[in-house]
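Residue strings, one per chain:
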Amino acid sequence: MIKMIHGIMLIVYIIVSVALAVIVLMQEGKQAGLTGAISGAAETYWGKNKSRSMEGGLILATRVLATVFIVLSLLLNLSIFS
């Protein structure tokens with residue numbers, strides 16, 4: 001039973017790892033945002049509503065997947081599965 005739970009957690013861990021890598025690569029670089037903030041472009045509609053945009057969704061997904069990744073990493077290293 002323990003081996004089956006470990007196997008399922010390992011499969012989920014691999015899926016989360018790949019999804020996290022893909023989502024991080026889909027995000028825009030922060031260099032364009034820095035020059036836009038200096039020139040005043042941050043006061044536009046998209047600057048104020050960034051949390052509702054696709055970029056905001058990617059940031060939220062990154063945070064959730066990173067948390068799941070860390071929790072699974074800790075659980076998979078428990079001595080129960082050895």
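From a predicted model like this one, the values you see are computed outputs, not experimental measurements.

Rules used throughout
- Residues numbered from 1 in each chain as written.
- Predicted model: local features only at pLDDT ≥ 70, side-chain atom pairs only at ≥ 80, totals over all residues.
- Heavy atoms only, no water.
- Helix = DSSP H or I, 4+ residues; strand = E, 2+ residues; numbered from the N terminus.
- Buried < 20%, exposed > 50% of the residue type's maximum accessible area, 1.4 Å probe, protein only.
- Contact = heavy atoms within 4.5 Å.
- Areas by Shrake-Rupley, 256 points an atom, 1.4 Å probe, with all protein chains shown as cover.
- pLDDT = per-residue confidence, 0-100.
- Core = buried A, V, L, I, M, F, W, Y, C linked by side-chain atoms within 4.5 Å.
- Phe/Tyr/Trp six-rings, centres within 6.5 Å; stacked < 30°, edge-to-face > 60°.
- Patch = residues over 30% accessible without salt bridge, like charges linked within 9 Å, V, L, I, M, F, W, Y side chains within 5 Å.
- Salt bridge = Lys/Arg side-chain N within 4 Å of Asp/Glu carboxyl O.
- Axes fitted to C-alpha atoms, helices over the stretch in contact; angles between N-to-C directions.
- Parallel < 35°, antiparallel > 145°, perpendicular 65-115°, else oblique.
- Left-handed = near helix turned anticlockwise from the far one by under 90°.

(A) A look at the overall build of the protein. In terms of helices and strands, the protein carries four helices and zero strands. Listing each helix as α and each strand as β along the protein from the N terminus yields α-α-α-α. Buried residues in the protein amount to 20% of all 82 residues. Here the contacts in the protein between residues at least 6 apart in sequence split such that 87% fall between residues at least 24 apart. Taken as a whole, the protein presents about 6,400 Å² of accessible surface, with 72% of it coming from carbon and sulfur.

(B) Just the confidence of the model for the protein, in detail. Confidence in the prediction of the protein, expressed as mean pLDDT, is 82, and 72% of residues score 70 or more. Element-level pLDDT for the protein is lowest in helix H3 (residues 45-48), with a mean of 56, against a maximum mean of 95 in helix H1 (residues 2-26).

(C) Main features of the nonpolar core. If you look at the biggest cluster of nonpolar residues, it comprises nine residues: Met-9, Val-16, Leu-20, Ile-23, Leu-58, Leu-65, Leu-72, Leu-76 and Phe-81. Taken together, the elements giving at least two residues each to this core come down to H1 and helix H4 (54-76). When sequence neighbours within four positions are dropped, the list of residues in contact with Leu-58 reads Ile-23, Met-26 and Gln-27.

(D) How the structure looks around the packing of aromatic side chains. On inspection of all chains with the given rule, the structure shows one aromatic pair. Plain terms: the ring middles of Tyr-13 and Phe-69 are 5.1 Å apart, the flat faces sit at 15° to each other, and that makes the pair stacked. Of this pair, Tyr-13 sits in helix H1 while Phe-69 sits in helix H4, placing them 56 residues apart in sequence.

(E) Here's a closer look at a nonpolar patch on the surface. A contiguous nonpolar surface patch, about 570 Å² in accessible area, is contributed by Leu-10, Ile-14, Val-18, Val-22, Met-26 and Met-54. Mapped onto the fold, Ile-14 is located in helix H1.

(F) Structural view of the packing of H1 against H4. Put simply, H1 and H4 touch, their axes get as near as 9 Å, and they point 150° apart. The pairing of H1 with H4 is recorded here as roughly antiparallel in orientation. At the point where H1 passes H4, the crossing takes the left-handed sense. On H4, the residues that touch His-6, Met-9, Leu-10, Val-12, Tyr-13, Val-16, Ser-17, Ala-19, Leu-20, Ile-23, Val-24 and Met-26 of H1 are Met-54, Leu-58, Ala-61, Thr-62, Leu-65, Ala-66, Val-68, Phe-69, Leu-72, Ser-73, Leu-75 and Leu-76.

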